Amino acid sequence: MSLRADVTFTARDGHAVTTAAILSRETLDGFRSGRPVQVRYRPDRPGVARIVGEEDEGGSWLPVVLGGAALGYAGYGFLCKPGEPGPRRHR
């Protein structure tokens, strides 16, 4: 489960930056127990930040499911004659 949290960090130029970031419950529990959390950000836009290790959290299955559905639809269309329900019968 991913959580959205306000994260405050010090940028390289010494300024404190607060921004929203996605993190897992495990990362939050580790932070609460004293484990440091690394933040990756764009120096030209420090408000765009990610927690290291949380970059791919939660979004990787959507393209796989959509791609599979598209391939299934295309395969069904290839096997069916236009205007006739069901697969073609090859002789």
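Fair warning: this is a prediction, and the values are worked out from it, not measured in the lab. (Residues numbered from 1 in each chain as written. Predicted model: local features only at pLDDT ≥ 70, side-chain atom pairs only at ≥ 80, totals over all residues. Heavy atoms only, no water.)

*Asks:* I'd love a proper account of the overall build of the protein, names of residues and values included.
*Replies:* Helix and strand counts for the protein stand at two helices and four strands. Among the 91 residues that make up the protein, the fraction classed as buried is 19%. Taking as baseline every contact in the protein between residues at least 6 positions apart, the subset at least 24 positions apart corresponds to 30%. Carbon and sulfur atoms provide 57% of the accessible area of the protein, an area that totals close to 7,600 Å². (Helix = DSSP H or I, 4+ residues; strand = E, 2+ residues; numbered from the N terminus. Buried < 20%, exposed > 50% of the residue type's maximum accessible area, 1.4 Å probe, protein only. Contact = heavy atoms within 4.5 Å. Areas by Shrake-Rupley, 256 points an atom, 1.4 Å probe, with all protein chains shown as cover.)

*Asks:* Any details on the packing of aromatic side chains? Residues and values, ideally.
*Replies:* The relation between two aromatic rings is expressed through the spacing of the ring centres and the mutual angle of the planes. Summed over all chains, the structure comprises one aromatic pair. Ring geometry for F9 against Y41: centres 5.0 Å apart, planes inclined by 35°, an arrangement best described as tilted. A residue pair is termed long-range when its members are at least 10 positions apart, and F9 in strand β1 (residues 2-10) and Y41 in strand β3 (residues 39-42) qualify at 32 residues. Judged by its relative accessible area of 9%, F9 falls in the buried class. (Phe/Tyr/Trp six-rings, centres within 6.5 Å; stacked < 30°, edge-to-face > 60°.)

*Asks:* Explain the nonpolar core to me, using residue names and the numbers behind them.
*Replies:* Counting residues in hydrophobic clusters, the biggest one holds 11 residues: L3, V7, F9, A11, V17, A21, L23, L28, Y41, A49 and I51. The set of elements that each furnish at least two residues to this core consists of β1, β2 (16-24) and β4 (45-51). (Core = buried A, V, L, I, M, F, W, Y, C linked by side-chain atoms within 4.5 Å.)

*Asks:* Tell me about the pattern of salt bridges, residues and numbers included.
*Replies:* Side chains that differ in charge, positive against negative, can pair when their charged atoms come close. The final tally for this structure, using the stated rule, is one salt bridge. Across the pair R42 and D44 runs a salt bridge, and its minimum N-O distance is 3.0 Å. (Salt bridge = Lys/Arg side-chain N within 4 Å of Asp/Glu carboxyl O.)

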